[in-house]
Amino acid sequence: MKGMRASIICYLVSASAVPFLNVEASLAEELSVEDRACITGAVAKLPQVAALKIEGSRALEGRILEQSQSQGRPKWNVYRVKVEIDVSVAGQRSTYVFNCIHSGQATVIQPLGMR
């Protein structure tokens, strides 16, 4: 019985990762590294609902914000983009909207709402 329980748990974990992996595969084709980081971070902020299915994603209005050099510190760039994640739960479709700031290794995701 223990072996069967472990198999079921492995299956459930794998099944819950499939929508995320599908999003990652489609992202690799056309988005920038910054857009992918922002969309991946936004997906991680979605509600943890078993029946949640990711239908699509977009990175909109991306732009680079430059920070000027000050007191001997080098100039650095910050990338800002709005991310939309389309989801469905039990046949009901919604879009979650996030603000994303990406700089180097740091990505900050701010939920803006749902429509």
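Overview of the structure. Along each chain, residues carry numbers from 1 onward, in the same order as the chain's sequence is written. At least 70 in pLDDT is required for a residue's local features to be given in this predicted model, at least 80 for side-chain atom pairs to be given and counted, and no such filter applies to totals for whole chains, interfaces and linings, which use all residues. Where side-chain values are given, they derive from all heavy atoms of the structure, hydrogens and water being excluded.

Next up on the list: the overall build of the protein chain. Counting its secondary structure elements, the protein chain contains two helices and four strands. Reading the protein chain from its N terminus to its C terminus gives the helix and strand order α-α-β-β-β-β. Every accessible area reported is derived by Shrake-Rupley at a probe size of 1.4 Å, with residue values counting cover from the shown protein chains alone. Taken as a whole, the protein chain presents about 7900 Å² of accessible surface, with 55% of it coming from carbon and sulfur. Put simply, DSSP marks the helices as runs of H or I at least four residues long and the strands as runs of E at least two long, and each gets a number from the N terminus on.

It is worth spelling out the state of the cysteines at this point. Two cysteine sulfurs form what is called a disulfide whenever their separation falls within 2.5 Å. Within the structure shown, the criterion is met by one disulfide. Paired through a disulfide, C38 and C100 show a sulfur-sulfur distance of 1.9 Å. Every disulfide takes its handedness from the sign of the S-S torsion; for C38 and C100 that torsion is -65°, giving left-handed. Within this pair, whereas C38 is found in helix α2 (residues 33-44), its partner C100 is found in strand β3 (residues 92-103), the two being separated by 62 residues in sequence.

Further remarks concern the pattern of salt bridges. The term salt bridge refers to a pairing of a side-chain nitrogen on Lys or Arg with a carboxyl oxygen on Asp or Glu at a separation within 4 Å. For the structure on display, the rule yields five salt bridges. Among the salt bridges present, the one from E55 reaches R93, with a minimum N-O distance of 3.1 Å. Of this pair, E55 sits in strand β1 (residues 53-67) while R93 sits in strand β3, and the two are 38 residues apart along the sequence. The buried label applies to any residue whose accessible area, calculated with a 1.4 Å probe on protein chains only, is under 20% of its type's maximum; exposed applies above 50%, and partly exposed to all values in between. Its relative accessible area of 34% is what places E55 among the partly exposed residues. Note that K82 and E61 form a salt bridge whose closest N and O atoms lie 3.7 Å from each other. Here the residue K82 occupies a position in strand β2 (residues 76-89), and E61 occupies one in strand β1, the gap between them amounting to 21 residues. Taken together, the salt bridges that share partners define one network made up of R58, E84, D86 and R115.

Between its terminal C-alpha atoms α2 stretches 17 Å, which fits the 16 Å expected from 12 residues at 1.5 Å a residue. Every buried residue belonging to α2 is among D35, C38, I39, G41, A42 and V43, and all of these are buried. Helix span, as expected, comes to 1.5 Å for every residue beyond the first.

This paragraph deals with the environment of D86. By the secondary structure assignment, D86 is in strand β2. By the convention used here, residues are in contact when the closest approach between their heavy atoms is within 4.5 Å. Look past the residues within four positions of D86 in its chain and what remains in contact with it is K53, I54, E55, G56, R58, S94 and T95. Among the polar contacts made by the side chain of D86, one reaches the side chain of R58 at a distance of 2.6 Å. A 3.5 Å cut-off defines polar contacts: any pair of N or O atoms within that distance qualifies, except that in protein one atom must be a possible hydrogen donor and the other a possible acceptor, and neighbouring residues in sequence count only when both atoms are side-chain atoms. Among the polar contacts listed, one links the side chain of D86 to the side chain of T95, at a separation of 2.7 Å.

On to the pairing of β2. Each regular strand shows side chains that alternate between the opposite faces of the sheet. The buried fraction of β2 amounts to 10 of the 14 residues, a majority that puts the element mostly inside the structure. By the convention used here, strands pair only if DSSP detects at least 2 bridges between them. In this sheet, β3 lies alongside β2 in antiparallel orientation, the contact comprising 11 bridges. Of the residues in β3, the one forming a bridge with K82 is N99.

Right, let's talk about unusual backbone geometry for a bit. The backbone of E61 shows a phi angle near 60°, a positive value even though the residue is not glycine. Phi at A90 is positive, roughly 50°, even though this residue is not glycine. Assignment of secondary structure puts A90 in the loop between β2 and β3. With a relative accessible area of 74%, A90 lands in the exposed category.

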